[in-house]
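Working through the structure, step by step
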Amino acid sequence: MVTVNEPKIETLERLLDAFNAHDLDAVMSFFVDDCVLEMPRGPDPWGRRFEGRDRVREGLADRFAGIPDVHYSEHRHWVSGSRGCSEWLLTGTTTEGEKIEVRGCDLFEFRDDKIARKDSYWKIVEA
């Protein structure tokens with residue numbers, strides 16, 4: 001009998017810890033080689049899409065560079081089969097000095113216990 005590693009809530013908790021540590025190597029250790037990242041902002045209806053390990057790494061590095069103190073809190077996670085979701089509160093300050101506080105979520109697709117796709121959504125905050 002072949003045992004397949006299944007994603008667990010602990011996987012998403014450890015991923016969020018790596019994001020909060022701004023440890024890009026640790027974050028990327030959760031992704032498969034042919035992963036896809038869809039960011040909440042961008043020129044297309046799906047935001048900005050990065051495909052493949054190198055491009056996903058670049059996209060995440062841009063997030064850390066654009067919001068150097070980015071932090072995820074008030075999180076909760078669920079996993080069902082090969083899908084998962086993390087809800088969180090993102091806070092930080094952009095390099096232009098704009099304070100950000102926004103609720104959002106990530107929708108995940110897993111292959112075994114690694115992330116094949118991460119699709120991020122943010123609430124639109126209006127003053």
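The rules behind these values
Residues numbered from 1 in each chain as written. Predicted model: local features only at pLDDT ≥ 70, side-chain atom pairs only at ≥ 80, totals over all residues. Heavy atoms only, no water. Helix = DSSP H or I, 4+ residues; strand = E, 2+ residues; numbered from the N terminus. Rg over C-alpha atoms; globule rule 2.2 N^0.38 Å. Buried < 20%, exposed > 50% of the residue type's maximum accessible area, 1.4 Å probe, protein only. Contact = heavy atoms within 4.5 Å. Areas by Shrake-Rupley, 256 points an atom, 1.4 Å probe, with all protein chains shown as cover. Lys, Arg positive; Asp, Glu negative; His and termini not counted. Charge placed at Lys NZ, Arg CZ, Asp CG, Glu CD. Disulfide = S-S within 2.5 Å. Salt bridge = Lys/Arg side-chain N within 4 Å of Asp/Glu carboxyl O. Pairing = 2+ DSSP bridges. Axes fitted to C-alpha atoms, helices over the stretch in contact; angles between N-to-C directions.

1. Structural notes on the overall build of the chain
When helices and strands are counted, the chain shows three helices and six strands. When the helices and strands of the chain are placed in sequence order, the string is α-α-β-β-α-β-β-β-β. In terms of C-alpha radius of gyration, the chain reaches 14 Å, essentially the compact-globule figure of 14 Å for 127 residues. Each principal axis of the C-alpha distribution contributes one length, and for the chain these read about 55 × 30 × 30 Å. Per-residue burial over the chain gives 40% buried out of 127 residues. Counted over contacts in the chain with a minimum sequence separation of 6, partners at least 24 positions apart contribute 46%. Surface summary for the chain: the accessible area is close to 7,600 Å², and the carbon and sulfur share equals 48%. Taken together, the 18 basic and 26 acidic charged side chains of the chain have centroids lying 2 Å from each other.

2. Let's talk about the state of the cysteines
Using the criterion set out here, one finds zero disulfides in the structure. The thiol of C35 is not disulfide-bonded; the next cysteine sulfur, from C85, is found 19 Å away. Free of any disulfide, C105 has its nearest cysteine sulfur in C85, 4.8 Å distant.

3. Here we look at unusual backbone geometry
We note that H22 has phi near 55 degrees; this positive angle belongs to a residue other than glycine. With respect to the element layout, H22 can be found in the loop between α1 (9–20) and α2 (24–28). By relative accessible area, H22 is classed as partly exposed at 29%. Unusually for a residue other than glycine, E74 sits at a positive phi of about 45 degrees. Summarising the element assignment, E74 is placed in strand β3 (residues 71–80). Classification of E74 as exposed rests on a relative accessible area of 55%.

4. Points about the pattern of salt bridges
Under the definition given, this model contains eleven salt bridges. Between D33 and R53 there is a salt bridge, with its nearest N and O atoms 3.9 Å apart. Residue D33 is found in strand β1 (residues 31–44), and its partner R53 is found in helix α3 (residues 53–66); the two are separated by 20 residues along the sequence. Note on D33: relative accessible area 60%, which makes it exposed. Its relative accessible area of 27% is what places R53 among the partly exposed residues. Through salt bridges with shared partners, a single ionic network connects E38, R49, E109, R117 and D119.

5. Some words on the sheet that holds strand β6 (residues 114–122)
Here we have six strands laid out as an open sheet, ordered β2-β1-β6-β5-β4-β3, and mixed in their pairing. Unpaired on one side and paired on the other, β2 (47–51) and β3 mark the two borders of the sheet. Across this sheet, the average inter-strand angle for adjacent strands is 20 degrees, counted without regard to direction. In terms of strand pairing, β3 meets strand β4 (residues 83–93) through eight bridges, oriented antiparallel. Opposite S73, over in β4, you have L89 as the bridge partner.

Without other data, these values stay purely geometric and don't point to any function.
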